[in-house]
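What the coordinates show
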Amino acid sequence: MNETRRALIDALADGPIDGPALADRLDVSRAAVWKQVEALREAGFGIESGDDGYRVVEIPEYGAEAIAFGLEAPYRIEYHDQIGSTNDRARELAETGEDNLVVVADEQTGSRGRLGREWIGPSGGVWASLLLRPERPPAEIPVYALAAAVAVARAAREAGAEAIIKWPNDVLLAGEEPTQRKLAGILTEMEGEADRVSWLVVGIGVNANVDAGALPDGATSLREATGDVDRRVFLQRLLETFHDLTGGDTDLHAILDEWRQLSATLGQRVRVETPGETIVGEAIDVQFPGSLVVRTDDDERVVHTGDCEHLRPV
Ligand code: BTN
């Protein structure tokens, strides 16, 4: 989507506006405005032109323009009906210098999960990868994954599903263990030097309007939990929350409190498989930039990374 198209979408989202005002705001000719309005109509927008100017009366269900319409976050959207992996595409775009961009797909045919696992991405999910260039040291990056989990959980709650977060960033549907099934996962990838991130990709996979039968064991979907959701609104809320939590020079430490409020892990007995050892104990807190504090029989351990399993209390 080019800049004029995005500016037109933003202008129309603010309310009815006439051709001359649009030409002025977009700094293009009236003929160019008309052409862009026609292109939006072709993309599925219902746009009426009345006495007060152009007015949007219908928004397409999903797609780049639909997601951008009324989005209160500074991200450009690139949309694909089908793609291998939105993370792979975002990484490709990182090499071209892009920033503040979200790659979105209806279906992924080669999506990836954490720890080299496969991720199933059928049509109907919310599959999105944000490409960012935060001016932060690489050591702070884990907190972005926590922010993404908070953003997903909040959007899911707004859609009526009681979402909770399993450390570090799995979003589950609340319920009696062991029936807490996975609604969403997050995969962050980055490149940088010791003191500076060059690019960061935050890949978010939400099993939205998907049959649970199409998903691996232990997974569930919003379709199963609450019925189908409006993916456009869902993704907009998610992106807006993520931007509120991480954008500009926001204090990233504040993310931890939001995470604590949605955590399914704190207070639980857990087993964490880290690259070097297995740690068993009670999860008592999360520490910046996202480490889990576990009280074992012997001492308190701060775990930076690993696979976490909730255990039954002894
Ligand atoms: C996990 O829980 O293992 C993380 C799953 C991350 C999946 C998302 S879907 C969008 C993005 N593209 C990918 O290939 N992976 C992430």
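These numbers were taken from a predicted model, which means no experiment stands behind them. (Residues numbered from 1 in each chain as written. Predicted model: local features only at pLDDT ≥ 70, side-chain atom pairs only at ≥ 80, totals over all residues. Heavy atoms only, no water.)

**Section: the pattern of salt bridges**
Opposite charge on two side chains permits pairing when their charged atoms draw close. Overall, the coordinates contain 27 salt bridges when judged by the stated rule. Note that D285 and R260 form a salt bridge whose closest N and O atoms lie 2.8 Å from each other. Taken as a pair, D285 in strand β11 (residues 278-287) and R260 in helix α9 (residues 254-262) lie far apart in primary sequence, 25 residues in all. Here the salt bridges share partners, and the residues they tie into one network are D88, R91, R112 and E189. (Salt bridge = Lys/Arg side-chain N within 4 Å of Asp/Glu carboxyl O. Helix = DSSP H or I, 4+ residues; strand = E, 2+ residues; numbered from the N terminus.)

**A closer look at helix α6 (residues 142-158)**
For α6, spanning 17 residues, the distance from its first C-alpha to its last is 25 Å, which sits close to the expected 24 Å at 1.5 Å a residue. Along α6, 13 of the 17 residues are buried, which leaves the element largely enclosed by surrounding structure. G160 occupies a position one or two residues after α6 and carries a positive phi of about 105 degrees. (Expected span 1.5 Å × (residues − 1). Buried < 20%, exposed > 50% of the residue type's maximum accessible area, 1.4 Å probe, protein only.)

**Looking at the site of the ligand**
In the vicinity of the ligand, 19 residues are found, and the nearest of them are S85, Q108, R112, R114 and K182. R112 places a polar main-chain atom, nitrogen or oxygen, 2.8 Å from a nitrogen atom of the ligand. Between the ligand and R114 there is a distance of 2.6 Å, counted from an oxygen atom to a backbone nitrogen or oxygen. When atoms are counted within 2 Å of each cavity's grid points, the one that captures over half of the ligand is the largest pocket. Of all the secondary-structure elements, those providing two or more residues to the shell around the ligand are α5 (86-94), β5 (126-132), β8 (182-192) and β9 (197-206). For the shell around the ligand, the element with the highest residue contribution is β8, accounting for 4 residues. Here the shell around the ligand is built from residues that sort into 5 nonpolar, 10 polar and 4 charged. (Near = heavy atom within 4 Å. Polar contact = N/O pair within 3.5 Å; in protein donor to acceptor, adjacent residues only side chain to side chain. 1 Å grid on protein atoms, 1.4 Å probe; cavity = no way out; pocket = protein on both sides within 12 Å on 5 of 7 lines; lining within 4 Å. Sits in = over half its atoms within 2 Å of the grid points. Nonpolar A, V, L, I, M, F, W, Y, C, P; charged D, E, K, R; others polar.)

**Here we look at a negative patch on the surface**
A grouping of E95, E191, E193 and D195 is seen on the molecular surface, where their side chains present a negatively charged patch. Looking at where E191 falls in the secondary structure, it is placed in strand β8. Among the residues examined, E191 registers a relative accessible area of 40% and is labelled partly exposed. (Patch = residues over 30% accessible without salt bridge, like charges linked within 9 Å, V, L, I, M, F, W, Y side chains within 5 Å. Areas by Shrake-Rupley, 256 points an atom, 1.4 Å probe, with all protein chains shown as cover. Lys, Arg positive; Asp, Glu negative; His and termini not counted. Charge placed at Lys NZ, Arg CZ, Asp CG, Glu CD.)

**Observations regarding the packing of helix α1 (residues 3-13) against helix α2 (residues 19-26)**
Their axes nearest at 10 Å, the elements α1 and α2 cross at an angle of 130 degrees. Classified by the angle their axes make, α1 and α2 are oblique. Crossing of α1 over α2 shows right-handed handedness. Residues T4, A7, L8, D10 and A11 of α1 touch α2, and the partners they reach there are L22, R25 and L26. (Axes fitted to C-alpha atoms, helices over the stretch in contact; angles between N-to-C directions. Parallel < 35°, antiparallel > 145°, perpendicular 65-115°, else oblique. Left-handed = near helix turned anticlockwise from the far one by under 90°. Contact = heavy atoms within 4.5 Å.)

**Regarding the environment of G175**
Topologically, G175 is positioned in the loop between β7 (170-173) and β8. With 11 residues separating them in the primary sequence, G175 and I164 have C-alpha atoms 9.6 Å apart.

**As for the pairing of β11**
Pairing between strand β10 (residues 269-273) and β11: 5 bridges, direction antiparallel. Each residue of the ladder has a partner; that of R269, found in β11, is E282. Remark: 4 residues form the turn of the hairpin made by β10 and β11, two consecutive strands paired antiparallel. The sheet contact formed by β11 and strand β12 (residues 291-295) spans 5 bridges and is antiparallel. Bridge pairing in β12 places V286 opposite L292. (Pairing = 2+ DSSP bridges.)

**Here we look at the sheet that holds strand β3 (residues 76-83)**
A sheet is described by the order of its strands in space; here 7 strands give the open sequence β3-β4-β5-β9-β8-β7-β6, paired in mixed fashion. Looking at the sheet topology across the chains shown, the edges are occupied by β3 and β6 (163-166). Each strand of the sheet is rotated relative to its neighbour by a mean of 20 degrees, with strand direction disregarded. Contacts from α6 reach β6, β7, β8 and β9 within the one sheet, and its direction differs from that of β6 by about 160 degrees.

**What to know about the domain arrangement of the protein**
Domain annotation of the protein identifies domain 1 (3-58), domain 2 (64-261) and domain 3 (268-313). Computed from C-alpha coordinates alone, the two centres of domain 1 and domain 2 are separated by 30 Å. Counting residues at the interface gives 10 residues for domain 1, matched by 9 residues for domain 2. Overall, the association of domain 1 and domain 2 removes approximately 670 Å² of surface from exposure, summing both partners, and the carbon and sulfur fraction of that is 68%. Counting the surface domain 1 buries against domain 2, the share from its top three residues, R6, I9 and F45, is 62%. Here domain 1 is connected to domain 2 by 1 salt bridge. Between E65 and R5 there is a salt bridge; the shortest N-O distance is 3.0 Å. Connecting domain 1 to domain 2 are 2 residue pairs in polar contact (both at pLDDT 80 or more). Of all the elements, α1 adds the most residues to the side of domain 1 that touches domain 2, at 6 residues. Split into classes, the residues belonging to the side of domain 1 that touches domain 2 amount to 7 nonpolar, no polar and 3 charged. (Domains from an automatic or database assignment. Buried area = accessible area lost by both parts, 1.4 Å probe.)

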